[in-house]
Each structure stands twice: as C-alpha cells, then as structure tokens.
Amino acid sequence: MLTLLVILLFLAAIVAFLFKFATTDGDFTLISKGHAKRDEIDGKAVWITGASRGIGEILAKQFVNLGAKVILSARNVAELERVKNELVAKYPSSRVEVLPLDLASGEEPLKEAVQKAESFFSGCGVDYMVHNAAFERPKIKALEETEEGLRATFNVNVLGTINLTRLLAPYMLKRGKGHFIVMSSAAGKCPSPGQAMYSASKHALNGYFHTLRSELCTKGIRVTVICPGPIGTSNSGSSEKRVSSERCAELTIIAASHGLKEAWISYQPVLLVMYLVQYMPTIGYWLMDKTGVNRLDAAAKKGNTYSWKLIFGQKKKTT
Ligand SMILES: NC(=O)c1ccc[n+]([C@@H]2O[C@H](COP(=O)([O-])OP(=O)(O)OC[C@H]3O[C@@H](n4cnc5c(N)ncnc54)[C@H](OP(=O)(O)O)[C@@H]3O)[C@@H](O)[C@H]2O)c1
Ligand SMILES: *[C@@H]1O[C@H](CO)[C@@H](O)[C@H](O)[C@H]1NC(C)=O
C-alpha cells in the first residue's frame, strides 16, 4: 500500500514536471528566481544599445520603472527621442539621456560615445552595459549570404560590440564594478538553419563574453548572456508563438539582477532543442539536421519556422 502511494506520488511529480516544462518560457534556473532584485537596479546607470525599438526600447522602460537612470543608443535619433519623451512622460522624475551611436562606424566614434556615457548623471559612470543592438536577420541559405551581409552582421553584432566593451571595461575596472548584459540568441547556442551568419555572430559573442567573465570576475565585472528564442516585437509579424518582448525584458532583468551567467528565454519547442543541444548534443544535432531543410522551406513560404512540425516533417500541401 505504501509502495503504491510512493509510486503514485512519483508519477504525479513527473507529470507536474513535464507540464511545467511544456508551458514554461525560460530555463529552470531563471524561472526559479521569480522576481527582479530592485536594489540591484535602483539608482544604477544603464546604457542600452538598440534602444530605438524592439526589445531594447522595452528594456529601457522596465529599467526606468525599477529606478534606473538610462542612456539610450542606436542610429535613429528621432526614434531615440520618441522613446525618451515617452519615458519622461510616464516617469516624470526619470533620468534619460539620448546618445546616438552607429556600432559599425569604427573606433573613434565609439571612444567618444564611451566618454560621453561615462560623463552623464554627474559622472557616476556606467553600471550596466546592455549590448542589445544587432544587425537585421533575414532568412537566407548559408551559401547564398553575400560578403556584404557577412561584414555588416559581424561589424555590428561582433566587432562593434566587442570594441565598445574594450573601451568601456577599463572605466569599470577602475571602479571595481560593472555588468555586461549581452543579448545573444538561441541561435548563439544551436544551429539555426537559414540564419548562418547571424548564428555565427551570436556564437562569437557567447565565446567572447563568457571568456571575458572568466578573466575579470575577480575584479568586480559581471557578465550575463541572454539567449532568447523567438520574441514578439512589432516587426516579427508571423504565425509563430513568441514570448512577448515585455516578458523577455522582464526575464532579462531578473537574470541580470540575480547575477546569472546565462539565461534562456523561449517557449517550446525551441527550449527543448536548446537543452538537447547543450546536454545531449548527439540527439540535439540529429534533430536539427532533420529540421534544417524543412525550416528553409517554411521560411521561403513565410510560415512558422519554430513549429514542432519541422521536426516530424511537413506534409506536402497539394495546391
Ligand atoms: N526579436 C527576436 O525574436 C530575438 C530573438 C533572439 C535574440 N534577439 C536579439 O535581441 C536583440 C534585440 O532584438 P530586436 O528584435 O528588438 O531587434 P530590432 O527590433 O531589429 O532592433 C535592433 C536595434 O538595434 C539597433 N541597431 C541596428 N544596427 C545598429 C548599428 N549599426 N548601430 C547601433 N544600433 C544599431 C536598431 O536601431 P537603429 O536602426 O536606429 O540603429 C534597433 O534599435 C538583438 O540582439 C537580437 O539579435 C532577438
Ligand atoms: C574595431 O576596432 C578596431 C581597432 O581596434 C578597428 O580597426 C575596427 O574598425 C573597429 N571596428 C568596429 C566595427 O568598430
């Protein structure tokens, strides 16, 4: 009788676990943290690239809501001003600076931008650097990518981002504290059929920033690498089920304020694929090989490129 009870409880626990895993929107460590630590954010200076729209804009709003001072960067000054005006209208006591910046413009403009960012808010310095800007990510077959696309992707996502880091880190080291939040991607962990260059650039970021942390963590520098799957922004416009950009920003701030080193944000099946590729690569890569061509087809038809159907093969539509 007791054995039966134990077995039943065990089965119930497994069912509850599977249900949780099927419906969650982040990795287990991240979800277990619950809420952002406000005292890690309140009063801090947060510099966000790619803050003119999408996830970056939402991140700026949530950081301000938690009491942070923010610096908004991107190329489009009018959009940055719009974001600033909306923030100041909603949070009249907030402190918001606009700092136009093209990450691909070479070293000098970045140097100037770093000096400016450090001088804002009576020279308190940047506490959080949120590397969120990225070059667009059209779905193109690996061998069809142009050199132009390759350069543009790497200049923004990798070289510009790393250059900015190398220029800013010395200021943080002098203060003995600083935190890099890096918007990578599930494509920075897994194969991403149709997005080879984007995936390569995000893998490069993961390699660089995890290494940077291993060198600087004893000197007060923290690094949080965020790997989102499909996120709903105004320009995503497709049929996939996506985690909202509000939830993505919320989970990003939870991860950073709890000092997590890496966090994954996604619904299924992408989250499952990430776990498989990380912990059972033989199975994970086998699955990705099965989905690769199907995904390219789905992308060409502007269909769902994150569907379970890609794994099990799509039925040919007779037209
Ligand atoms: N949305 C998703 O499904 C998803 C999934 C995984 C990861 N991510 C990552 O999350 C981050 C934000 O994504 P998102 O969808 O919000 O992107 P988005 O809507 O395309 O916005 C990109 C941002 O980057 C800025 N930017 C682009 N090129 C730049 C340059 N040369 N210099 C400075 N800023 C530049 C853009 O502003 P300007 O054009 O004004 O410069 C814009 O603010 C990216 O790193 C992306 O890779 C997104
Ligand atoms: C990065 O910095 C190097 C010099 O250290 C410079 O040659 C290169 O143009 C920079 N690239 C970008 C995209 O900032």
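- If you check an unreviewed UniProt entry, the protein appears there as Ketoreductase domain-containing protein from Asparagus officinalis.

Regarding the site of ligand 1
Here comes step 1: What surrounds ligand 1 is a group of 29 residues, the closest being Ser52, Ile55, Arg75, Asn132 and Tyr198.
Here comes step 2: A distance of 2.7 Å separates an oxygen atom of ligand 1 from a polar side-chain atom of Arg75.
Here comes step 3: If ligand 1 stood free it would expose 890 Å²; the protein chains cover 95% of that surface.
Here comes step 4: Breaking the shell around ligand 1 down by element, the ones donating at least two residues are helix H3 (54-65) and helix H7 (196-216).
Here comes step 5: Its residues assigned to classes, the shell around ligand 1 comprises 13 nonpolar, ten polar and six charged.

Here we look at the side chain of Arg295
Here comes step 1: On the secondary structure map, Arg295 appears in helix H10 (residues 281-300).
Here comes step 2: Note on Arg295: relative accessible area 6%, which makes it buried.
Here comes step 3: Within the structure, Arg295 has its side chain in polar contact with the backbone oxygen of Thr305 (distance 2.8 Å).
Here comes step 4: Those residues in contact with Arg295, other than ones at most four positions away along the chain, are Lys139, Ser192, Pro193, Gln195, Thr305, Tyr306 and Leu310.

Comments concerning the site of ligand 2
Here comes step 1: Neighbouring residues of ligand 2: Leu103, Gly106, Glu107, Leu110, Asn155, Leu159, Gly160, Asn163 and Arg166.
Here comes step 2: Between Glu107 and ligand 2, the recorded distance is 2.9 Å, taken from a side-chain N or O atom to an oxygen atom.
Here comes step 3: In this structure, Arg166 approaches ligand 2 through a side-chain N or O atom, which is 3.1 Å from an oxygen atom.
Here comes step 4: Look at ligand 2: alone it shows 360 Å² of surface, and the protein chains cover 62% of it.
Here comes step 5: For the shell around ligand 2, the secondary structure elements donating two or more residues are helix H5 (107-123) and helix H6 (147-175).
Here comes step 6: A total of five residues in the shell around ligand 2 trace back to one element, the largest contributor, which is H6.
Here comes step 7: When its residues are assigned to classes, the shell around ligand 2 shows three nonpolar, four polar and two charged.

A short note on the UniProt feature "domain: Ketoreductase" (unreviewed entry) in the protein
Here comes step 1: Within the UniProt annotation, "domain: Ketoreductase" (unreviewed entry) is assigned to residues 44-233.
Here comes step 2: Spanning residues 44-233, this segment combines 49% helix with 17% strand, and its end C-alpha atoms are found 26 Å apart.

Comments concerning the packing of H6 against H7
Here comes step 1: Two numbers describe how H6 lies on H7: the axes approach to 9 Å, and their chain directions differ by 15 degrees. Considered as vectors, H6 and H7 are oriented roughly parallel to each other. Along this stretch, H6 crosses H7, giving a crossing that reads as right-handed. Where H6 approaches H7, its residues Leu150, Thr153, Phe154, Asn157, Val158, Thr161, Ile162, Thr165, Arg166 and Leu173 are matched on the opposing element by Met197, Tyr198, Ala200, Ser201, Lys202, Ala204, Leu205, Tyr208, Phe209, Leu212 and Leu216.
Here comes step 2: For the contact of H6 with H7, the residue count by class is 14 nonpolar, five polar and two charged.

With respect to the sheet that holds strand E5 (residues 178-183)
Here comes step 1: Reading across from one edge, E3-E2-E1-E4-E5-E6-E9 is the order of the seven strands in this open sheet, with parallel pairing throughout. The open sheet has two edge strands with one neighbour each: strand E3 (96-98) and strand E9 (262-265). In this sheet, adjacent strand axes meet at a mean angle of 15 degrees when their direction is disregarded.
Here comes step 2: Sheet strands in contact with H5 are strand E1 (45-49), strand E2 (69-73) and E3, and its direction is about 155 degrees off that of E2.

Notes on the pattern of salt bridges
Here comes step 1: Counted under the stated rule, the structure contains twelve salt bridges.
Here comes step 2: Between Arg82 and Glu86 there is a salt bridge, with its nearest N and O atoms 3.1 Å apart. One end of the pair is Arg82 and the other is Glu86, both in helix H4 (residues 77-90) and four residues apart, which spans about a single turn.
Here comes step 3: With a relative accessible area of 26%, Arg82 lands in the partly exposed category.
Here comes step 4: On the accessibility criterion, Glu86 (34% relative accessible area) is partly exposed.
Here comes step 5: Residues participating in the shared-partner salt-bridge network are Glu57, Lys61, Glu79, Arg82 and Glu86.

Definitions and cut-offs
Residues numbered from 1 in each chain as written. Chains lettered and ligands numbered in written order. Predicted model: local features only at pLDDT ≥ 70, side-chain atom pairs only at ≥ 80, totals over all residues. Heavy atoms only, no water. Near = heavy atom within 4 Å. Polar contact = N/O pair within 3.5 Å; in protein donor to acceptor, adjacent residues only side chain to side chain. Areas by Shrake-Rupley, 256 points an atom, 1.4 Å probe, with all protein chains shown as cover. Helix = DSSP H or I, 4+ residues; strand = E, 2+ residues; numbered from the N terminus. Nonpolar A, V, L, I, M, F, W, Y, C, P; charged D, E, K, R; others polar. Buried < 20%, exposed > 50% of the residue type's maximum accessible area, 1.4 Å probe, protein only. Contact = heavy atoms within 4.5 Å. UniProt positions renumbered as here; feature names shortened; annotations may be inferred. Axes fitted to C-alpha atoms, helices over the stretch in contact; angles between N-to-C directions. Parallel < 35°, antiparallel > 145°, perpendicular 65-115°, else oblique. Left-handed = near helix turned anticlockwise from the far one by under 90°. Pairing = 2+ DSSP bridges. Salt bridge = Lys/Arg side-chain N within 4 Å of Asp/Glu carboxyl O.

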